[in-house]
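Given next are the chains, with one letter for each unit.
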Amino acid sequence: MGNISEDINGVGALEALAINDPISIGGNQGDEGSSMEETQLQKTEKDPRTIARKYQIELCDKALVENVIVYLETGCGKTHIAVLLIYKMRCLMKKPRKDICIFLAPTVALVEQQAKVIKDSIDVKVGIYCGSSNRLKFHRDWEQEMEQFEVFVMTPQILLHNLSHCFIKIENIALLIFDECHYAQVESDHPYAEIMKIFYKPDVAKLPRIFGMTASPIFGKGASINSLETLLHAKVYTVKDREELDQFVSSPIVNVYYYGPTPSNSPCPHASYSGRLESIKAQVVTLPFDYKFGPLLVMLLIYVSNLSNSVCQLCSQRSRILQFLRTPKGYSSVFMITCCFVWKISAFGEHYNYLSQVAAYFAAECKKDCPVEANGTEADLSSVDALGVPFFSLKLLRLVGILSSFRAQPDMKCIIFVNRIITARSLAYVLHQLRFLSAWRCSYLVGVHSGLKNMSRKTTNAILEKFRSGELNLLVATKVGEEGLDIQTCCLVIRFDLPETVASFIQSRGRARMPQSEYAFLVDRGSQRELNLIQNFCEDEAQMNNEITSRTSTVEYVDFEEKVYRVDSTGATIGSGSSVSLLHRYCSKLPHDEFFNPKPWLYYFDDAEGTVCHIILPPNAPIHQIISSPQPSREAAKKDACLKACQQLYELGALTHYLLPDDEVDDNNEDDSDSDGDDEESSRRELHEMLVPSALRERWIKVERKKVSLSSYFIKFSPSPADRLYKEFGLFLKAPIPQEAERMKLDLQLARGRSVMTEIVPCGASAFSDNEIVLAEWFQEMWLKAIIDKSEFVKDFVQLGKDDVSSPISTFYLLLPVIVNKYRGSMTVDWKLITKCLSSPIFRTPKDNTCDRTSHMNNCLYLSNGPTKIDDILNSLVYVPCKDTFYFVSGLFPEKDAFSLFKEETNYANHFAQAFGVKFLHPYQPLLKAKQLFRLDNLLRKRGSAEPREKEEHFVELPPEICVLKVIGFSRDIGSSLSLLPSVMHRLESNLVAIELRRRLSASFSEGSEVSAQRVLEALTTERCNERFSLERLEVLGDAFLKFAVGRHLFVLHNSLDEGQLTRKRSNMVNNSHLFKLALSNNLHVYVRDQSFEPSHFYPFGRRCSVRCTDSTQVEIHSSHESNLKTGENTEVRCDKGHHWLQKKTVADVVEALVGAFIVDSGFKAAIAFLKWIGIQVDFKDSHVAKICHSSKIFTALSAQIDIPALENLLGYQFHHKGLLLQAFLHPSYHNNYGGCYQRLEFLGDAVLDYLTTSYLYSVYPNLKPGQLTDLRSLSVNNNSFARIAVNRSFYKFMLCDSSNLIQSMNKYAEFFKTSASENILAETVPCPKALGDLVESCVGAILLDSGFNLEVVWKIMISFLDPVMKFSALQLNPIRELQELCQFYNWELTFPSVKKDGVFSVDAVVDGKEVCETACATNSNKKTAKRIASQKLYLSLKEKGYKTKVKSLEEILKLSQKMEARLIGYDEIPSNIDVSFADHIEDLKSNEVRNISREVQSRPVNSAKSSRYIQRMVQPTPDVCNPSSDTGDSNSQATAGDGLRKSSAKSHLYEICAINCWKPPLFECFEEMGPAHLKQFAFKVTVTIEEASSTILECIGDHRAKKKDAAEFAAQGVIWYLKKIGHLEK
């Protein structure tokens, strides 16, 4: 057996040194290395040994070397022993070790109490887990807890759950502590017992140390010390020396107080009460009852009579408290209870009189017994003189006497134990009313889960805190006070009701631990049974103590043969006890609504071998029924059946590998990228690099005296209107541009509707010498500085080519001015212009700029930096320092100089002198005609649709003396061209990225070439790019197709999963998180274009990015984007690595948009190929479809319930498989013998309708924005619109359901809908049953399946269904959203106060603003519906008053939109031929079976056929292939563990075969009995009807067996063998 004793002993040597040595505080004074921090740590560390008693240390030492159960009375410090053990074993649990300690306590209160003790006693990290730990649902949650905490304090049910489903493994538990371990008995179903029986096994590699604590090892019937030791694999120890215990714990004095019998002359109203009430009840019951109210009246009358009888018994037995019922409050309570029932049924007519008589008589008789004074007033019951029989029983008087004798003692605390809650409440009230007991401040304490009169945990804690503080000093408690609560020790404990067990005796006595405390019993003097009971308790305790102290035997390991089911892959294990709750939990997770509550139905039958449990599961479960094997009791049969059900659910995939419903699975694909919380921003986005196209990454290599060949392209500009001059430019790069982009055209939008059509024209290769390459590089560096980094040109000297001007994100191409030969179709670089520009003074050092200014005075102008030739000034770039502005100089104004008029009252000379302090030395020079250097802009942005018109260029007049010449020959036409080129190159780069992705897809799968590069670019471009196209529309289409394709795949592949599981699986496959991971694994994220072009981020060769990014600095560099996100700015920091932030949802949207791109350009096949490439499997086999269709034949038995021809006419489709049509109208509430419902078909129909509707809207409205497209789809594909279809076509009349409420709800909605005007905008006032919409979806799903997934067929039917919906008459979106948008537009405040009364919600929609204050109210049983209606009313009211936003409504947009013809986009699949596929499937099975038969098996002759059907009879086959268990003699034995349960019986297998093939269930009957009674043997006959084209009846008679079960099993094996032989199932 695996154990940790070796680990503990290994650690023990080290621990012993640390534990046994005294703690050193100061350390070695001569040791310089001892730090103050270590000393401080030693001072502050909690050490439980300092307060430990000797016996506690001794018991702890025993627990270190073996499993131990400590038996000590309450108050002796058992918990401190556990704390010591944790302290000594803490080295095994210190993090980062994964081992933990688990402390189990049976109640929540005890969990919290013990956790606090551990935290206060030692320095360990403690986690608390009880009923409120629902937040820990997944494996990763518990892994995080195990990383954080060292000690887990929890209830045993939580540990059992965690062990069963592998949240915690027993190998990771170093120490397992059981508090109140007496619950662990071999025959018990307590979680303690389940944990030990199922998981504490010898084959476990490492088992935990077991430590148990109890105040009474014997607990309940059949309990024993041996049983406890055997189950916990531990030995019971206690303190042998009683004197040692007495030093620390005081033992109470046990006293017995006797009370005598009631005097014979005391009145007892029991007989008179009972007689009179029985006569009244008999009179009423004998009257005829209305069929509705009769049972209720009988129930109420019986309740009243029972209540009266209880009162009478309290009086006669005198063991109950009558004082409460005798006080005025008691009278009113009884009378109010009675009158309450009478009032509730006062409408029942004549029966009211009889109940009134009961109430009146009951109240009157009670009042007769009330003591009165001489003057007729009620006596004061709080005085001693008023106490007496029958108002107080002698038992109560004895109790009052005991309490009176203690009232003078200081610090007195008392607990009175009773057995019933009503006694506790009544007794506490009585004692509280007695004034002479005012020293006792009383309350009562009952259980948290004790029924109607229970007490909240908060109230319990408050009462206990008051008891500790002394505010209360008397508690009347049920057995809840005996254990599990931290109750302060008392000086007096009274057993008002005697304990029922010796454990209760010991535990309640343990509450009396104060010095000189007393443990008192109230005993009836005349009851010998009560006297003997106390004596027996004392003797049993003494015997138990003697047995424990004298025990010398060691505990031997016993392997309990508990019935379990285990999953080998994960280790998940459930026992038969846990399987019951698991089955109920699974059923509760099935899809349900207000009209259907899925739960298992259990039926029990008794046969000769025991009790059999028959479970009927809900119709939407994958299995319909489970039958247990015969068991000795109902409880055992239920557990056996539930365990079988859980096993089959797992094998069918309905439970996960951890034996959990799949919605409780820790799914790593959990989608957290759709949330909008700002605090989750960092988790929803990641930093990624952008791809630089390979054609732009290739560098040219400069080799001295060698030519460099570059691919050249002419960039042609065609302005509209032609009002500007553009210098011709060419593009030169090393690698050729791909053919798809070498003739790229781009329409650049300028201001005022102007545009420039740009076209790239290939011009072959151009050769560059090494000097020319250098000049070209310098020129590009020069113009990039001039138009982007202007600040560098402010300096007097700019050095070109000094550093490497490229970076990792640089694109290697040159944009140079060219001269085009239009006749030859060639171009050459304008080297003259390049040389002229580079010869500018700014690029020369100051000493090179010396020139003879005097020789050219006649042809010069004086600039700020000296005289300059006029030829050099014209068509050049100058800088005006006083304005800090650059200008292109286009010419001169000879007629104007500095004295010319600047504005109306001043000239240029005066203006610049006053504004800038500039005085002209040459004021008569002509002014320069200049145009300001442009601000580089993004010309790819979406712009308005203004009419194009010419715009006259704007020039300014500049005095030459304020100008500094910068670049010679840099004219405005060059500047005009350069203003366009960055936008052109950005688009070219994006195109090349799309082309690279398309080529990659084409190389991966052939269908990848069927999508255009332009469509791929559209799919990669997000709305944030602010371009004239984006992925949004494609994403809407791709999303709908992905939902359909994945849903269809899951529907066909997982035939056993319900709608909820299918929906969750689909969600896991198509959610943003999963798509993001798939995109990341396929490196798709590098292609995404998610940023608007920012000219300042334009980094071609010649401009180096200044932000250097490394792995250590990248987060800090890009964190500034956080503030931009919150302020709405769409800019990011660009680094030299090309990093940018990508939302996970953005990448997922790109994947969906690529799916949409393939659908639009190619079709379904190409889209499916792309999905397969990215990692989403959506294919299926036709044979699987055929099998599903054929299996629906089982529902044809319901044909008589539905008029199938009439229904097919309404649908407009004739079904090949009628069972699918019947299934589509089968509500899960319908109880039939076949199981199944429409929910799976609804899942399929929902997916296909979503895609078909999207296809309709996408094709009909090509110009709608994606958001509008989504709004229209939500209006079309929703439950309300489908419900209207179901009503219009009367589908709801054909639904099969057993819910009268659903039928009533559907009829009510249908009546309202038909009587209301179709334009009625408030049609939501009647709630719409979801089942109506589900019906339409299930019909469409059935048609899709029956047609072999022929979307053309479904498309036509969908158009006919949705034609009224698609007209969008009286169109309105969500009125709440529209009202909110209206309020935001006008800056109004909107609130929705609500009130609930009698189950109806009243919601007000209130708008409050400066100019308006409007309110609308609506009521409905559903709060959301009421809010919607109120919003609708208020929105229409405001709209009528003229309030509206500037944005056009969707209805207005649709009216203005041009409608195109609706078409089914992308469908190119070939429908499945279901009949042929199914035939092929059967033939494959038969041929495989023929090949697998290895030998012939003899059988008896087959009888001749009867009537028109074939009957084949087999007698005594030799079923070797079935591997019969009857020969071993233990066929009836139960599976004990794991594998034993996986082998299903031949009988159940035969039932499954018949169900799968849609045959009638097999018929078993006892064919023959032989032999004497004590040696009787049985032979069984099995009849199976093979329902095919020619119906065949197969009868098999098996050999005789001693048991009927074995005989039936043997006959079933023969049938299975024969079915295999003839090819009906695989071998």
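Residues numbered from 1 in each chain as written. Predicted model: local features only at pLDDT ≥ 70, side-chain atom pairs only at ≥ 80, totals over all residues. Heavy atoms only, no water.

Draft legend 1. Focus on the overall build of the chain. Helix and strand counts for the chain come out as 52 helices and 41 strands. Burial statistics for the chain: of 1627 residues in total, 53% are counted as buried. Once local pairs closer than 6 in sequence are excluded, the contacts in the chain between residues at least 24 apart make up 73%. With the model as given, the accessible surface of the chain reaches about 75000 Å², and the carbon-plus-sulfur share is 50%. (Helix = DSSP H or I, 4+ residues; strand = E, 2+ residues; numbered from the N terminus. Buried < 20%, exposed > 50% of the residue type's maximum accessible area, 1.4 Å probe, protein only. Contact = heavy atoms within 4.5 Å. Areas by Shrake-Rupley, 256 points an atom, 1.4 Å probe, with all protein chains shown as cover.)

Draft legend 2. Fine view of the environment of Ile534. Tracing the sequence through the fold places Ile534 in helix H20 (residues 528–549). If near-sequence neighbours (up to four positions away) are discounted, Ile534 is found in contact with Val256, Leu498, Phe521 and Val523.

Draft legend 3. Quick look at the sheet that holds strand S6 (residues 209–214). Strand order across the open sheet formed by seven strands is S3-S4-S2-S5-S6-S1-S7, with parallel pairing between neighbours. The open sheet has two edge strands, strand S3 (126–129) and strand S7 (235–237), and neither has a second partner. Across the sheet, the mean angle from the axis of one strand to that of its neighbour is 20°, orientation sign disregarded. Pairing analysis gives four bridges linking strand S1 (residues 68–71) to S6, with the strands arranged parallel. Its bridge partner being in S6, Val68 is matched across the sheet by Phe211. Relative to S6, helix H4 (residues 78–88) is tilted by about 165°, and along the sheet it contacts S1, strand S2 (100–104), strand S4 (151–154), strand S5 (173–179) and S6. Each of S2, S5 and S6 is contacted by helix H8 (residues 191–199), which is oriented at about 150° to S5, the strand it contacts most. (Pairing = 2+ DSSP bridges. Axes fitted to C-alpha atoms, helices over the stretch in contact; angles between N-to-C directions.)

Draft legend 4. Here's a closer look at the pairing of strand S20 (residues 708–720). Here S20 runs beside strand S23 (residues 755–768); their pairing, made up of twelve bridges, is antiparallel. Of the residues in S23, the one forming a bridge with Ser711 is Ala765. Examined bridge by bridge, S20 and strand S21 (residues 729–733) share five bridges and lie antiparallel to one another. Looking at the pairing, Ser712 lines up with Phe732 of S21.

Draft legend 5. Local environment of the nonpolar core. Of all hydrophobic cores here, the largest spans 140 residues; its most connected members are Phe1041, Phe1170 and Tyr1251. Ranked by size, the runner-up nonpolar core spans 105 residues in total, among them Ala184, Ile198, Leu207 and Val430. (Core = buried A, V, L, I, M, F, W, Y, C linked by side-chain atoms within 4.5 Å.)

Draft legend 6. Seen up close, unusual backbone geometry. Of the consecutive residues Ser720 and Pro721, the connecting peptide bond is found in the cis state with omega at -5°. Even without a glycine there, the phi angle at Asp884 is positive, about 50°. Although it is not a glycine, Asn1026 sits at a positive phi angle of roughly 60°. By secondary structure assignment, the location of Asn1026 is in the loop between helix H30 (1013–1020) and helix H31 (1032–1053). On the basis of relative accessibility, which here comes to 27%, the residue Asn1026 falls in the partly exposed class.

Draft legend 7. Quick peek at the sheet that holds strand S25 (residues 826–829). Spatially, S22-S23-S20-S21-S24-S25 is the arrangement adopted by the six strands of the open sheet, whose pairing is antiparallel. The strands lining the two open edges of the sheet, one partner per strand, are strand S22 (745–749) and S25. If you compare each strand with its neighbour and ignore which way they point, the axes differ by 40° on average. Its contacts with the sheet place helix H25 (residues 770–787) against S20, S21, S23 and strand S24 (813–821), and it is angled at close to 105° to S24. Packing against the sheet, helix H26 (residues 831–838) makes contact with S23, S24 and S25, and its axis sits at approximately 130° to S24.

Draft legend 8. How the structure looks around the pattern of salt bridges. Applying the stated criterion to the full structure yields 38 salt bridges. Residues Lys1043 and Asp1246 are paired through a salt bridge, measuring 3.2 Å at the closest nitrogen-oxygen approach. Of the two residues, Lys1043 sits in helix H31 while Asp1246 sits in helix H41 (residues 1239–1260), which places them 203 residues apart along the sequence. Put simply, Glu1208 and Lys1218 hold a salt bridge, and the shortest N to O gap is 2.6 Å. Here Glu1208, found in helix H39 (residues 1204–1211), pairs with Lys1218, found in helix H40 (residues 1218–1224); they are ten residues apart in sequence, far enough to count as distant. (Salt bridge = Lys/Arg side-chain N within 4 Å of Asp/Glu carboxyl O.)

Draft legend 9. Spotlight on a positive patch on the surface. A cluster of basic side chains, namely Lys716, Arg743, Lys745 and Lys822, defines a positive patch on the protein surface. Structurally, Lys745 is set in strand S22. According to the relative accessible area criterion, Lys745 is exposed, its value standing at 57%. (Patch = residues over 30% accessible without salt bridge, like charges linked within 9 Å, V, L, I, M, F, W, Y side chains within 5 Å. Lys, Arg positive; Asp, Glu negative; His and termini not counted. Charge placed at Lys NZ, Arg CZ, Asp CG, Glu CD.)

Draft legend 10. Highlighting the side chain of Arg49. Relative to the assigned elements, Arg49 resides in the loop between helix H2 (36–44) and helix H3 (54–65). The class of Arg49 is buried, set by a relative accessible area of 17%. For Arg49, the side chain forms a polar contact with the side chain of Asp47, separated by 2.6 Å. (Polar contact = N/O pair within 3.5 Å; in protein donor to acceptor, adjacent residues only side chain to side chain.)

Draft legend 11. Highlighting the packing of H3 against H4. Between H3 and H4, whose axes approach to 9 Å, the crossing angle comes to 50°. The pairing of H3 with H4 is recorded here as oblique in orientation. Handedness of the crossing formed by H3 with H4: right-handed. Across from Gln56, Ile57, Leu59, Cys60, Asp61, Ala63 and Leu64 in H3, the residues of H4 making contact are His80, Ile81, Leu84, Leu85 and Lys88. Class assignment of the residues belonging to the contact of H3 with H4 gives a composition of eight nonpolar, two polar and two charged. (Parallel < 35°, antiparallel > 145°, perpendicular 65-115°, else oblique. Left-handed = near helix turned anticlockwise from the far one by under 90°. Nonpolar A, V, L, I, M, F, W, Y, C, P; charged D, E, K, R; others polar.)

Draft legend 12. Expanded view of helix H28 (residues 908–916). Residues of H28 that are buried include every one of Tyr908, Ala909 and Phe912, and no others. Considered in projection along H28, the buried side chains sweep an arc of 105° and stay on one side of the axis. At its buried positions, H28 is contacted by strand S30 (927–932) and strand S31 (956–958). N-cap assignment for H28: the residue whose side-chain oxygen lies 3.3 Å from the backbone N of Ala909 is Asn907. The first or second residue beyond H28 is Gly917, which carries a positive phi of 75°. (Arc of directions from axis to C-beta.)

Draft legend 13. Structural view of the packing of helix H36 (residues 1144–1161) against helix H37 (residues 1164–1174). Look at H36 against H37: their axes get within 7 Å of each other, and the N-to-C directions meet at 150°. With respect to each other, H36 and H37 are oriented roughly antiparallel. In contact with Val1151, Leu1154, Val1155, Phe1158 and Ile1159 of H36, H37 contributes Ala1166, Ala1167, Phe1170, Leu1171 and Ile1174.

Draft legend 14. Local environment of the packing of aromatic side chains. One pass over the full model with this rule turns up 44 aromatic pairs. Aromatic side chains Trp700 and Phe1101 sit 5.2 Å apart centroid to centroid with 70° between the ring planes, which places their arrangement in the edge-to-face category. In this pair, Trp700 is assigned in the loop between helix H24 (694–697) and S20 and Phe1101 in the loop between helix H33 (1072–1081) and helix H34 (1114–1118), connecting sequence segments 401 residues apart. Each of the two residues, Trp700 as well as Phe1101, counts as buried. By way of ring pairs, the aromatic residues Phe1041, Phe1044, Phe1164, Tyr1251 and Tyr1467 are connected into one cluster. (Phe/Tyr/Trp six-rings, centres within 6.5 Å; stacked < 30°, edge-to-face > 60°.)

Draft legend 15. Structural context of H36. Over its 18 residues, H36 extends 26 Å from the first C-alpha to the last, a length consistent with the 26 Å expected when each residue adds 1.5 Å. Within H36, 15 of the 18 residues are buried, which leaves the element mostly enclosed by the surrounding structure. One or two steps after H36, the chain reaches Gly1163, where phi turns positive at roughly 150°. (Expected span 1.5 Å × (residues − 1).)

Draft legend 16. Up close: the pairing of strand S13 (residues 518–524). Within S13, six of the seven residues are buried, leaving the element largely enclosed by the surrounding structure. Two elements, strand S8 (residues 253–259) and S13, share seven bridges in a ladder whose sense is parallel. The residue bridging Val254 from the neighbouring strand is Tyr519, located in S13. One ladder, built from four bridges, connects strand S12 (residues 492–495) with S13; its direction is parallel. Paired with Arg495 across the bridge in S13 is Phe521. With helix H19 (residues 502–509) bridging S12 and its parallel neighbour S13, the resulting β-α-β unit is right-handed. (Right-handed = clockwise from strand over helix to strand, strands pointing away.)

Draft legend 17. Molecular detail of the environment of Leu833. As for its placement among the helices and strands, Leu833 is situated in helix H26. Its relative accessible area of 12% is what places Leu833 among the buried residues. Along the chain, Leu833 and Pro817 lie 16 residues apart, while their C-alpha atoms are 7.7 Å from each other. Contacts of Leu833, omitting those with residues within four sequence positions, involve Lys727, Pro817, Gly969 and Ile974.

Draft legend 18. Structural view of the confidence of the model for the chain. Summary statistics for the chain give a mean pLDDT of 79 and a share of 78% for residues scoring 70 or more. Across residues 1–42, where pLDDT falls below 50, the model places 44 contacts with residues more than four positions away in sequence or in other chains. (pLDDT = per-residue confidence, 0-100.)

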